[in-house]
Amino acid sequence: MKFGKYIKSMAHPAWADKYVDYKLLKTYLKPFEAGAVNQEYEDLFLSCLHAEINKVDAFFTAKETEFLQEQRSFWDKVRHTKAEPCKKICTTRQELIAAFDGTEMGEVLECFVAFTSKVETLRDFVMLNLQAVVKITKKHDKHSDTYLQTDLVQQVHMRNFFRSKKFGELIADVEALAMHLISHLVAWDELPDGWDGKTACGAGFQCPICLEHLCNPILLPCGHRFSLPTSHPHRH
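Residues numbered from 1 in each chain as written. Predicted model: local features only at pLDDT ≥ 70, side-chain atom pairs only at ≥ 80, totals over all residues. Heavy atoms only, no water.

Student: Describe the packing of aromatic side chains, and please don't skip the residues or the numbers.
Tutor: For any pair of aromatic rings, the description rests on two quantities: the centre-to-centre distance and the angle between the ring planes. By the definition in use, this model includes 10 aromatic pairs. Here Phe74 and Phe112 contribute two aromatic rings whose centre-to-centre distance is 5.7 Å and whose plane-to-plane angle is 25°, an arrangement assigned as stacked. Of the two residues, Phe74 sits in helix 4 (residues 39-79) while Phe112 sits in helix 6 (residues 104-142), which places them 38 residues apart along the sequence. For the pair shown, Phe74 and Phe112 are each scored as buried. An aromatic cluster is present here, built from Trp15, Tyr19, Phe59 and Phe125 joined pairwise through their rings. (Phe/Tyr/Trp six-rings, centres within 6.5 Å; stacked < 30°, edge-to-face > 60°. Helix = DSSP H or I, 4+ residues; strand = E, 2+ residues; numbered from the N terminus. Buried < 20%, exposed > 50% of the residue type's maximum accessible area, 1.4 Å probe, protein only.)

Student: Any chance you could break down the pattern of salt bridges for me, citing the residues and the numbers?
Tutor: Applying the stated criterion to the full structure yields 4 salt bridges. Between Lys55 and Glu52 there is a salt bridge whose closest N-O contact spans 2.7 Å. Here Lys55 and its partner Glu52 are both found in helix 4, 3 residues apart, which amounts to about one turn of the helix. Owing to a relative accessible area of 25%, Lys55 belongs among the partly exposed residues under this scheme. Assessed through its relative accessible area of 8%, Glu52 is described here as buried. Between Arg159 and Asp57 there is a salt bridge, with the nearest N and O atoms lying 3.7 Å from each other. A residue pair is termed long-range when its members are at least 10 positions apart, and Arg159 in the loop between helix 7 (149-157) and helix 8 (160-163) and Asp57 in helix 4 qualify at 102 residues. Residue Asp57 is classed as buried on the basis of its relative accessible area, which comes to 13%. (Salt bridge = Lys/Arg side-chain N within 4 Å of Asp/Glu carboxyl O.)

In short, shape yes, function no, at least from these values alone.
Pasting the structure below:
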């Protein structure tokens, strides 16, 4: 599948116009593909690409602020919602929600699932737009003597949407809240060994490379987690 169709198919519908407009950027590359390269076309393409990156960064920052506020409100709601541990054995999220169906805690759990979905969508937004910048600059460099990819990708790495520590902390806090809820709603003998829900802000939320709080964490197949800016292959 062509990347232009891929990004369109993967984009969150409600945010469709907030992603890098890959199709628009490709139109600025048509003179390059035809061999008519000059400084004017270079400047037009670069100006358009910077505008798209700025658009992505501004939208991400607004959503990040919105989600942080929502998270604080949600924590307050959890603190004031009382519930006895579930007496049924729940091995899936759906079973846990069903066990509290019709209760105030059931509503809290449903809201939490919806919130985590929004956070994950914003994380996908970051990765998809990073891919778009890498792809379009690679296409540009193929037809020009001016190589942009390395410099542009490094610029993206300095943007808030790529390296935000607040967003990394939000992702970690969402996981911490999930552990908190499970530890209080599921009988202790049903929890995995070593999962006490009390170490949410400990070593499990620290990048083993930079030793700082996980920033936009990624999970490798082996189960280890690293901060995205630390582990990304383009980082210098």
